[in-house]
Amino acid sequence: MTNTLPRKALLSSLLGAATLALAVASTSTFAQEKVLRIGMTAADIPRTLGQPDQGFEGNRFTGIPMYDALTHWDLSKYDEASVLLPGLATEWAVDASDTTKWVFKLREGVKFHDGSDFNADAVVWNVQKVLDQAAKHFDASQVGVTASRMPTLHSARAIDAYTVELTTSEPDAFLPLNLTNLFMASPAHWEAKLAAVPASVTDPAERSAQAWRAFAADASGTGPFKMSAFSPRERLEMVRNEAYWDPARTPKLDRVVMIPLPEANARTAALLSGQVDWIEAPSPDAMDQIRSRGFTIYSNPQPHVWPWQLSFAEGSPWLDKRVRHAANLCVNREELKQLLGGMMGIPKGTVTPDHPWWGNPSFDIRYDPDAAKALMTEAGFSASSPVKVKVQISASGSGQMQPLPMNEYVQESLRECFFDIEFDVLEWNTLFTNWRRGAKDPTANGAHAINVSFAAMDPFFAMVRFSSTGAFPPVSNNWGFFGNDEIDAIIADARTSFDDTERDAALARLHARIVDEAPFVWIAHDVGPRAMSPKVKNVVQPKSWFIDIAPMDIE
């Protein structure tokens, strides 16, 4: 992609370029109900069978509402960082004599939406669905979005009806945090779907796959909302679970409707016309209009990074640290923030300088084009002989903010510092799948960087999966194959530190090394802008990538 527009005009023109038609059900359909209609950034409904796709937008919109995990994030406060809370587990502890084993005490009296009991056997079954290839309900399609988020989880066994032991492949203090991503689906409901598979289907793997497809169309978790209608790429409807186990999250809403609207202007038009009550990532050039029409725009600094993740594969131009540092010095993030209507944070690394994991890196991420050009000249590049870089990006998607105009802006910024950037634009879920396959996979199409935003709420998600040699694809998201023995040793110190202070100290060392080595171009921190009708009440925008729909209400 080549552009000749000045950067400010470029961003504004791209943001205001398109308007799409939207067809949604008439509000009269739900005239007697409290219905909340949400316009998502995803191009499709995230998977509904228990382990969502579409990045963390899937967790936000089909995971957390319909399912529970053993541990939950506290999403009830807007002015404090989200912390870990008991979910379907009431307490947990690592075995002092064998730190690869954890014991979780489970919440009693919880029912799945189909009426069956949640218990230790259900936990074992849900671990097996993604880890035990010999299990009849193993589903390879759920492995990628699960195992990469908890790569040390090895097995589970029931101790009694409400106690379960989880075993990791190595000592891992991060496990309770990672388990927020393992959602509990109903074994009994899946068995009913399996029983309905025609007897003529004899291959066990195909029988399982058909049962999971049927389950996805008629899901059963333990969450505050239950699936009521589902049309792929069109809409998902959920109704409240009046028997939900947590009174604080028992919904007041009768129904929630999810609609995929990947284009920012289409989402904005849908909100302004009253077709939806809530949109993610409104178009920045429409912010003033949205506010003037009485809608509320919520935002909050959150641990969510919008970067280019760089390749360290053979032949990559990023193998030269001078080039990596130059790219980080050549983006005017203040100007980008202004053009996004103020809806971004300016990064100094993956975490902020006031964070316990900061670690005082020596490399200062800032806007200094002269220093960037000097580094590029030293590395052998110039305006007449730029470095050629291909970047895989998306046109929309979960946490991707405004990916096309933002990437075009960065492209033009880096041109001044002797970078010749080419984009390979993919559908979001395809890009997300490529992210797990890595820079050496054919699906990278020769790309030297990938633009996938990521949550940085916990150590594994923020740093370990991008810097551990044990997280090279396909294990997890170290797309660029970045890492070395020194970094692995720091990670081992953090993972095996079950004392918070010691763990934070190791993580601070890790963050400092990551920033100094610069395996990313850190471009923005997301603030999660979403616009809502003033009729939507009890909204808490936490300092988290997630948000809890369950306590909300609507007039």
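In what follows, the structure referred to is the one given above.
Residues numbered from 1 in each chain as written. Predicted model: local features only at pLDDT ≥ 70, side-chain atom pairs only at ≥ 80, totals over all residues. Heavy atoms only, no water.

Draft legend 1. Expanded view of the sheet that holds strand S19 (residues 530–532). With respect to topology, seven strands assemble into an open sheet ordered S8-S9-S10-S1-S11-S19-S12, the strand pairing being mixed. Looking at the sheet topology across the chains shown, the edges are occupied by strand S8 (225–231) and strand S12 (296–298). Strand-to-strand twist of the sheet, defined as the mean angle between neighbouring strand axes without regard to direction, takes the value 20°. The pairing of strand S11 (residues 278–280) with S19 spans three bridges and is classified as antiparallel. Residue pairing across strands places Glu 280 opposite Arg 530, the latter belonging to S19. Sitting on the sheet, helix H2 (residues 56–63) is in contact with strand S1 (35–40), strand S9 (235–240), strand S10 (255–260), S11 and S19, with an inclination near 160° to S11. (Pairing = 2+ DSSP bridges. Helix = DSSP H or I, 4+ residues; strand = E, 2+ residues; numbered from the N terminus. Axes fitted to C-alpha atoms, helices over the stretch in contact; angles between N-to-C directions. Contact = heavy atoms within 4.5 Å.)

Draft legend 2. Spatial organisation of unusual backbone geometry. Here the amide bond leading from Pro 473 into Pro 474 is cis, since omega sits at 5°, within 30 degrees of zero. Here Pro 474 is to be found in the loop between helix H15 (459–467) and helix H16 (485–495). Even without being glycine, Gln 54 reaches a positive phi, approximately 60°. For Gln 54, the position within the fold is in the loop between S1 and H2. Although it is not a glycine, Met 401 adopts a positive phi angle of roughly 55°. In this structure, Met 401 sits in the loop between strand S14 (387–394) and helix H13 (403–415).

Draft legend 3. The arrangement of the side chain of Asn 451 in detail. Its place among the elements puts Asn 451 in the loop between strand S16 (449–450) and strand S17 (454–455). Accessibility expressed as a relative area gives 0% for Asn 451, which makes it buried. Side-chain polar atoms of Asn 451 contact the side chain of Asn 407, separated by 2.9 Å. Ignoring anything within four residues of it in the chain, the contact list for Asn 451 reads Trp 306, Pro 307, Trp 308, Val 391, Gln 392, Ile 393, Gln 400, Asn 407 and Leu 431. (Buried < 20%, exposed > 50% of the residue type's maximum accessible area, 1.4 Å probe, protein only. Polar contact = N/O pair within 3.5 Å; in protein donor to acceptor, adjacent residues only side chain to side chain.)

Draft legend 4. Empty space enclosed by the protein, seen in detail. Applying the stated rule across the entire model yields two cavities of 30 Å³ or more. Surrounding the largest cavity, 22 residues form its lining, Ala 281, Met 401, Asp 526, Gly 528 and Pro 529 being those nearest its centre. Forming the boundary of the second largest cavity are 19 residues, of which Gly 55, Phe 56, Arg 149, Phe 432 and Trp 435 lie nearest the centre. The leading source of residues in the lining of the second largest cavity is helix H14 (residues 428–437), at four residues. By residue class, the composition of the lining of the second largest cavity is nine nonpolar, seven polar and three charged. (1 Å grid on protein atoms, 1.4 Å probe; cavity = no way out; pocket = protein on both sides within 12 Å on 5 of 7 lines; lining within 4 Å. Points joined across faces, edges and corners; volume = space filled by probe spheres on them. Nonpolar A, V, L, I, M, F, W, Y, C, P; charged D, E, K, R; others polar.)

Draft legend 5. View of the packing of aromatic side chains. Under the defined criterion, the tally for this structure stands at 25 aromatic pairs. Summarising the aromatic geometry, the rings of Trp 102 and Phe 498 are spaced 6.1 Å apart at their centres and angled 50° between planes, so their arrangement reads as tilted. Of this pair, Trp 102 sits in strand S5 (residues 98–106) while Phe 498 sits in the loop between H16 and helix H17 (500–517), and the two are 396 residues apart along the sequence. Residue Trp 102 is classed as buried on the basis of its relative accessible area of 5%. Members of the aromatic cluster, connected to one another through ring pairs, are Trp 428, Phe 432, Trp 435, Phe 454, Phe 466, Phe 520 and Trp 522. Across from the ring centre of Trp 545, 3.9 Å away, lies the NZ or CZ of Arg 60, which sits over that ring. Over the aromatic face of Phe 481 sits the side chain of Lys 440, whose NZ or CZ is 4.3 Å from the ring centroid. (Phe/Tyr/Trp six-rings, centres within 6.5 Å; stacked < 30°, edge-to-face > 60°. Lys NZ or Arg CZ within 6 Å of the ring centre and 35° of its normal.)

Draft legend 6. Up close: the layout of surface pockets. Estimates place the volume of the largest pocket at around 940 Å³. Ala 81, Pro 303, His 355, Ala 456 and Met 457 are the residues nearest the centre of the largest pocket, which is lined by 39 residues in total. Those elements giving two or more residues to the lining of the largest pocket turn out to be helix H5 (175–178), strand S13 (304–310) and H17. Tallying contributions element by element places H17 first for the lining of the largest pocket, with four residues. For the lining of the largest pocket, the residue count by class is 21 nonpolar, nine polar and nine charged. The volume enclosed by the second largest pocket comes to roughly 480 Å³. Surrounding the second largest pocket, 27 residues form its lining, Trp 73, Asp 74, Leu 75, Arg 249 and Asp 548 being those nearest its centre. Contributing elements (two or more residues each) for the lining of the second largest pocket: strand S2 (71–73) and strand S3 (84–86). For the lining of the second largest pocket, the element with the most residues is S2, which contributes three residues. In terms of residue class, the lining of the second largest pocket is made up of 14 nonpolar, seven polar and six charged.

Draft legend 7. Local environment of the pattern of salt bridges. Tallied over the full model, the rule gives 33 salt bridges. The partner of Glu 280 in a salt bridge is Arg 60, and the shortest N-O contact between them spans 2.6 Å. On the criterion of sequence distance, the pair formed by Glu 280 in strand S11 and Arg 60 in helix H2 is long-range, its members being 220 residues apart. Overall, the relative accessible area of 1% leaves Arg 60 in the buried class. One salt bridge in this structure joins Glu 242 and Arg 240, with 3.4 Å as the shortest N-O distance. Exposure remark for Glu 242: the relative accessible area of 62% places this residue in the exposed category. Among the ionic contacts, a cluster of salt bridges with common partners joins Lys 321, Arg 324, Glu 486, Arg 513 and Glu 517. (Salt bridge = Lys/Arg side-chain N within 4 Å of Asp/Glu carboxyl O.)

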